[in-house]
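# Analysis of the macromolecular model
Letter by letter, the chains look like this.
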Amino acid sequence: MIKRVGVIGAGQMGNGIAHVFAISGFDVRLSDISEERVENGISTIRKNMERQVVRNKLSEGEKDKALNHIKGQVGYEKFSDCDFVIEAATEDETLKHAIFKDLVPHLPPATMIASNTSSISITRLAASTDRPDRFMGVHFMNPVPLMQLVELIRGIATSEATFTEIKDLMSKLGKQIAISEDFPGFIVNRILMPMINEAVWTLHESVGTVEAIDKGMRLGTNHPMGPLELADLIGLDTCASIMNVLYQGLGGVKYKPCPLLIKYVEAGWLGRKTDRGFYDYSGDMPLPTR
């Protein structure tokens with residue numbers, strides 16, 4: 001039975017994952033490469049829980065209890081008592097392989113491992129560990145506390161027992177499950193990212209402005225936010241990384257990242273997390289940058 005969970009990465013996805021586990025009563029070890037990153041992650045969790053209290057989604061007592069379940073750390077040594085560890089680092093395959101190789105010496109043999117990767121082969125990532133049968137993809141959606149869906153992806157070696165236990169674990173978090181085969185981008189991002197990339201192409205070719213493209217999709221197709229606004233929320237570096245995985249894994253011109261997307265990433269305009277992407281977030285209201 002899973003009682004204690006390790007989360008690698010205290011950024012946008014990692015702190016959201018820690019948040020939902022803590023609210024569901026699990027003890028959480030939240031790790032990152034520096035104390036500052038860990039503290040920022042826990043601070044974000046606290047602020048997000050406070051918003052839930054204001055919206056009557058959580059009581060003050062439930063918030064305090066959940067926060068007490070979370071312990072921050074640098075490194076993986078204190079993961080030795082974890083039953084389940086999930087990696088939520090940057091969408092970079094080389095980095096993820098390195099994390100898993102450093103992680104496994106600190107884990108008991110029975111501990112299950114997951115990656116929150118949104119596009120990378122689970123079979124390849126599992127091969128970086130000493131337990132590919134106890135490894136699988138668990139892709140939470142952003143923002144984790146609000147989004148209902150989790151994609152579950154088995155690698156070629158993932159055992160049925162591992163799949164069943166992790167599926168049950170997601171149910172305990174109150175999440176809905178979509179099961180995907182281990183193909184580049186899985187289900188959600190194989191459909192979503194080419195749409196976002198096409199929106200960037202539409203901007204690149206001056207078919208419409210940022211505002212016109214997003215308004216068109218919000219009001220014309222009833223999407224809750226436009227594709228360029230959504231790209232800024234996800235992170236333009238993450239969008240570019242996923243498109244590269246799709247392009248390399250599936251081929252075809254439709255998966256080639258738009259040059260304008262790459263240019264924004266090279267400029268360090270990564271979206272909300274840098275206060276500038278397709279919109280400028282430095283003022284009171286987001287303003288289109290193009």
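Residues numbered from 1 in each chain as written. Predicted model: local features only at pLDDT ≥ 70, side-chain atom pairs only at ≥ 80, totals over all residues. Heavy atoms only, no water.

- The name an unreviewed UniProt entry assigns to the protein is 3-hydroxybutyryl-CoA dehydrogenase, from the organism Candidatus Bealeia paramacronuclearis.
- Checking UniProt for the protein, the heading Sequence similarities (unreviewed entry) contains the comment "Belongs to the 3-hydroxyacyl-CoA dehydrogenase family." (UniProt positions renumbered as here; feature names shortened; annotations may be inferred.)

## So, the overall build of the protein
- Helix and strand counts for the protein stand at 11 helices and 10 strands.
- By the compact-globule yardstick of 19 Å for 290 residues, the protein fits well, its C-alpha radius of gyration being 19 Å.
- Expressed along its principal axes, the backbone C-alpha trace of the protein runs to roughly 55 × 45 × 35 Å.
- When burial is assessed residue by residue, the protein has 48% of its 290 residues classed as buried.
- Contacts spanning at least 24 positions in sequence make up 65% of the contacts within the protein whose residues lie at least 6 apart.
- Taking the 32 positively charged and 36 negatively charged side chains of the protein as two groups, their mean positions are separated by 3 Å. (Helix = DSSP H or I, 4+ residues; strand = E, 2+ residues; numbered from the N terminus. Rg over C-alpha atoms; globule rule 2.2 N^0.38 Å. Buried < 20%, exposed > 50% of the residue type's maximum accessible area, 1.4 Å probe, protein only. Contact = heavy atoms within 4.5 Å. Lys, Arg positive; Asp, Glu negative; His and termini not counted. Charge placed at Lys NZ, Arg CZ, Asp CG, Glu CD.)

## As for unusual backbone geometry
- The step from N142 to P143 runs through a cis peptide bond, and the omega angle for that step is 0 degrees.
- Counting through the fold element by element, P143 comes out in the loop between β6 (135-140) and β7 (149-154).

## Concerning helix α1 (residues 12-23)
- When the terminal C-alpha atoms of α1 are compared, their 17 Å separation across 12 residues agrees well with the 16 Å that a helix rising 1.5 Å per residue should span.
- Taking burial as the measure, the 12 residues of α1 include 10 buried ones, the bulk of the element.
- Buried residues of α1: M13, G14, N15, G16, I17, A18, H19, V20, F21 and A22, and no others. (Expected span 1.5 Å × (residues − 1).)

## Looking at the nonpolar core
- If you look at the biggest cluster of nonpolar residues, it comprises 38 residues, and the most contacted ones within it are F21, F84, V138, F140 and M170.
- Sort the elements by how many residues they give to this core and α1 lands first, with 6 residues.
- Formed by 25 residues, the second largest nonpolar core is a distinct cluster that contains L192, I196, C239 and Y279. (Core = buried A, V, L, I, M, F, W, Y, C linked by side-chain atoms within 4.5 Å.)

## A closer look at the pattern of salt bridges
- The full count for this structure, using the stated rule, is 14 salt bridges.
- The salt bridge involving K273 is made with D237; its shortest N-O contact spans 2.9 Å. Of the two residues, K273 sits in the loop between α11 (259-266) and β9 (279-280) while D237 sits in helix α10 (residues 236-250), which places them 36 residues apart along the sequence.
- Relative accessible area serves as the criterion here: at 52%, K273 is assigned to the exposed category.
- One network of salt bridges, with partners in common, ties together R4, D27, R29 and D81. (Salt bridge = Lys/Arg side-chain N within 4 Å of Asp/Glu carboxyl O.)

## Concerning the UniProt feature "domain: 3-hydroxyacyl-CoA dehydrogenase C-terminal" (unreviewed entry) in the protein
- Under the UniProt annotation, the feature "domain: 3-hydroxyacyl-CoA dehydrogenase C-terminal" (unreviewed entry) is placed at residues 185-281.
- Secondary structure content for residues 185-281 is 62% helix and 2% strand, and the end C-alpha separation is 28 Å.

## Regarding the packing of helix α7 (residues 188-204) against helix α9 (residues 227-234)
- Across the interface, α7 lies against α9 with an axial gap of 9 Å and an inter-helix angle of 115 degrees. Of the two elements, α7 crosses α9, and the hand of that crossing is left-handed. Within the contact between the two elements, α7 uses L192, M193, M195, I196, A199, V200 and L203 and α9 uses P227, L228, L230, A231 and I234.
- Counted by class, the contact of α7 with α9 contains 12 nonpolar, no polar and no charged residues. (Axes fitted to C-alpha atoms, helices over the stretch in contact; angles between N-to-C directions. Left-handed = near helix turned anticlockwise from the far one by under 90°. Nonpolar A, V, L, I, M, F, W, Y, C, P; charged D, E, K, R; others polar.)

## Comments concerning a positive patch on the surface
- Side chains of K47, R51, R55 and K57 sit close together on the surface and give a patch of like positive charge.
- Among the secondary structure elements, R51 is positioned in helix α2 (residues 35-54).
- Here R51 falls in the partly exposed class, since its relative accessible area comes to 44%. (Patch = residues over 30% accessible without salt bridge, like charges linked within 9 Å, V, L, I, M, F, W, Y side chains within 5 Å. Areas by Shrake-Rupley, 256 points an atom, 1.4 Å probe, with all protein chains shown as cover.)

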